[in-house]
Amino acid sequence: MTGVRSSADPAVAVQVLAAARSVTVLCHVQPDADTLGSGLALAQVLHRRGVPVQVSFAEPADPPASMRTLPGVNHLVAAADVAEQVDVLVTVDCGSVDRLGVLADRIDGAATVLVIDHHRSNTRFGGVNLIDETADSTTSVLARVFDTWGEPIDRDIAHCLYAGLVTDTGCFRWGGPGSHALADRLLATGIDGAGITRTLMDTHPFGWLSMLSRVLGSARLEPRAAAGAGLVYVFVLAEDCRGVGSEEVESVIDLVRTTAEADVAAVFKQSRTAADRWTVSLRSRDSGVGTGDAIDVAQVATRLGGGGHRYASGYSTTGTPRDLVAGLLAELPAA
């Protein structure tokens, strides 16, 4: 297969997958349920077809606790054990190569690289790119791939697909009609939707409460930022994260974004290994300020080296807390 092909038509992915002799599926670093659910759902279909497949992500060493019961976890391998040569390498929910972390070098050993994603900011780094910007989750894209392929969605596969769908839509708070229709179909397989949601989104260790009390105390409001739409932000320091997992840290943005006085929310998360390295989560919403349109935080994140969705995105950066806030303010819309 020569050249680069990009399309929202799932047939482009089916053509590659149907001919694959061996497959590596890579999820993004600090995996969420959309990337891991997508990877494990695809692995189960490939395994059912008799295709050797492995799934992995660069970091952390183990999947988040809430995702360890997802069907298909037996296909997960440690990053160090990912094959250096493979017929087809598939990335799921990865907007750019850097989201693969140290596993980015496996691209060079693949005969074909297939990118499956729903991020508008995706850089189309594969030889074949299935990017559906209208989809609410990458698992939604995969559901269309399986349908086009004629592969049935059984209960275990539905479990993985639902996990990505419910988390990426915030329990369907910002999901469109297509997501509700897909959810109905997946639930009809007999999966426990309430149980899956509770495990993924409403279960945390006791230490999470102590972490929140420290972190939320750092919250700051900049009401004039973003052309008067307002910015609220907090810092999660490495010392705040002792005894809690990455998913507890990621949950902070969902609390901060509820601030009524700000349409943009940011959480600056310090690396546990380097004090000057940070990852930043951004969220936006409509409020009627100005034109009433939500600020496109994907554009903001892209200018800062990251990417994502209009309402949810992120990036990585270095510097002091003062530098980080100044850098973000400079990229938000001016009055």
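In the block above lies the structure referred to throughout.
Residues numbered from 1 in each chain as written. Predicted model: local features only at pLDDT ≥ 70, side-chain atom pairs only at ≥ 80, totals over all residues. Heavy atoms only, no water.

*Asks:* Go over the overall build of the chain with me, naming the residues and quoting the values.
*Replies:* Counting its regular elements, the chain contains 11 helices and 12 strands. What you see for the chain is a C-alpha radius of gyration of 20 Å, in line with the 20 Å of a compact globule of 335 residues. Overall, the C-alpha framework of the chain stretches about 55 × 40 × 40 Å when taken along its three principal axes. For the chain, the proportion of its 335 residues judged to be buried stands at 52%. Of the contacts formed within the chain by residues at least 6 apart in sequence, a portion of 66% connects residues at least 24 apart. Across the chain, the 27 positively charged side chains and the 39 negatively charged ones have centroids separated by 2 Å. (Helix = DSSP H or I, 4+ residues; strand = E, 2+ residues; numbered from the N terminus. Rg over C-alpha atoms; globule rule 2.2 N^0.38 Å. Buried < 20%, exposed > 50% of the residue type's maximum accessible area, 1.4 Å probe, protein only. Contact = heavy atoms within 4.5 Å. Lys, Arg positive; Asp, Glu negative; His and termini not counted. Charge placed at Lys NZ, Arg CZ, Asp CG, Glu CD.)

*Asks:* Describe the environment of valine 325, and please don't skip the residues or the numbers.
*Replies:* Mapped onto the elements of the fold, valine 325 is located in helix α11 (residues 321–331). Residue valine 325 is classed as buried on the basis of its relative accessible area, which comes to 10%. Note: C-alpha distance between valine 325 and arginine 124 (201 residues apart in sequence) is 30 Å. Ignoring anything within four residues of it in the chain, the contact list for valine 325 reads Tyr233, Phe235 and Phe268.

*Asks:* I'd like a description of empty space enclosed by the protein, backed by residues and values.
*Replies:* A complete count under the given rule lists one cavity of 30 Å³ or more for this structure. In terms of lining, the largest cavity is formed by Arg257, Ala262, Asp263, Val264, Ala265, Arg283, Ser284 and Arg285. Looking at the lining of the largest cavity, the elements with two or more residues in it are β9 (264–270) and β10 (277–284). (1 Å grid on protein atoms, 1.4 Å probe; cavity = no way out; pocket = protein on both sides within 12 Å on 5 of 7 lines; lining within 4 Å. Points joined across faces, edges and corners; volume = space filled by probe spheres on them.)

*Asks:* Summarise the side chain of serine 96; cite the residues concerned and give the values.
*Replies:* By the element assignment, serine 96 lies in the loop between β4 (86–92) and β5 (110–117). On the basis of relative accessible area, serine 96 is assigned to the buried category, the value being 15%. Here the side chain of serine 96 touches aspartate 98 through a polar contact of 2.2 Å, side chain to side chain. Apart from the residues lying within four places of it in its own chain, the contact partners of serine 96 are Thr123 and Phe125. (Polar contact = N/O pair within 3.5 Å; in protein donor to acceptor, adjacent residues only side chain to side chain.)

*Asks:* Describe the state of the cysteines, and please don't skip the residues or the numbers.
*Replies:* Overall, the coordinates contain zero disulfides when judged by the stated rule. With no disulfide of its own, cysteine 160 lies closest to cysteine 27 among cysteine sulfurs, the gap being 10 Å. (Disulfide = S-S within 2.5 Å.)

*Asks:* Any chance you could break down the packing of helix α4 (residues 155–168) against helix α6 (residues 193–201) for me, citing the residues and the numbers?
*Replies:* At their nearest, the axes of α4 and α6 sit 10 Å apart, and the two run at 60 degrees to each other. Comparing the axis directions of α4 and α6 gives the class oblique. When you trace α4 past α6, the crossing you get is right-handed. Judged by residue contacts, His159, Tyr162, Ala163, Val166 and Thr167 of α4 engage Gly193, Ile196, Thr197, Leu200 and Met201 from α6. Here the residues of the contact of α4 with α6 sort into six nonpolar, four polar and no charged. (Axes fitted to C-alpha atoms, helices over the stretch in contact; angles between N-to-C directions. Parallel < 35°, antiparallel > 145°, perpendicular 65-115°, else oblique. Left-handed = near helix turned anticlockwise from the far one by under 90°. Nonpolar A, V, L, I, M, F, W, Y, C, P; charged D, E, K, R; others polar.)

*Asks:* Break down the pattern of salt bridges for me, citing the residues and quoting the values.
*Replies:* Pairing of side chains with opposite charge becomes possible as their charged atoms draw close. Evaluated as defined, the whole model comprises 14 salt bridges. Here glutamate 151 makes a salt bridge to arginine 48, at a shortest N to O gap of 2.8 Å. Taken together, the positions of glutamate 151 in the loop between α3 (138–149) and α4 and arginine 48 in helix α2 (residues 33–48) put the pair 103 residues apart, joining distant regions of the chain. The exposure class assigned to arginine 48 is partly exposed, which follows from its relative accessible area of 36%. Where aspartate 132 meets arginine 144, a salt bridge forms, and the shortest distance between an N and an O atom there is 2.7 Å. With aspartate 132 in the loop between β6 (128–131) and α3 and arginine 144 in helix α3, this pair connects stretches of sequence that are 12 residues apart. (Salt bridge = Lys/Arg side-chain N within 4 Å of Asp/Glu carboxyl O.)

*Asks:* Can you explain the packing of helix α1 (residues 11–18) against α3? Please cite residues and give values.
*Replies:* Following both chains from N to C, one finds α1 and α3 inclined at 65 degrees, their axes separated by 9 Å at the closest point. On the basis of their axis angle, the class for α1 and α3 is roughly perpendicular. α1 and α3 meet at a crossing whose hand is right-handed. Residues Ala11, Ala13, Val14, Leu17 and Ala18 of α1 pack against Val145, Thr148 and Trp149 of α3. Considered class by class, the residues forming the contact of α1 with α3 number seven nonpolar, one polar and no charged.

*Asks:* Describe the environment of phenylalanine 235, listing the residues and the values that go with them.
*Replies:* Structurally, phenylalanine 235 can be placed in strand β8 (residues 231–236). Using a relative accessible area of 12% as the deciding quantity, one classes phenylalanine 235 as buried. Each C-alpha atom of the pair phenylalanine 235 and asparagine 74 lies 36 Å from the other, and the pair is 161 residues apart in sequence. Once residues lying within four places of it in the same chain are set aside, the contact partners of phenylalanine 235 are Val215, Ser218, Asp240, Phe268, Trp278, Pro321, Leu324 and Val325.

*Asks:* How would you explain the side chain of threonine 169 if you had to name every residue and give the values?
*Replies:* Looking at the secondary structure, you find threonine 169 in the loop between α4 and α5 (177–187). According to the relative accessible area criterion, threonine 169 is buried, its value standing at 0%.

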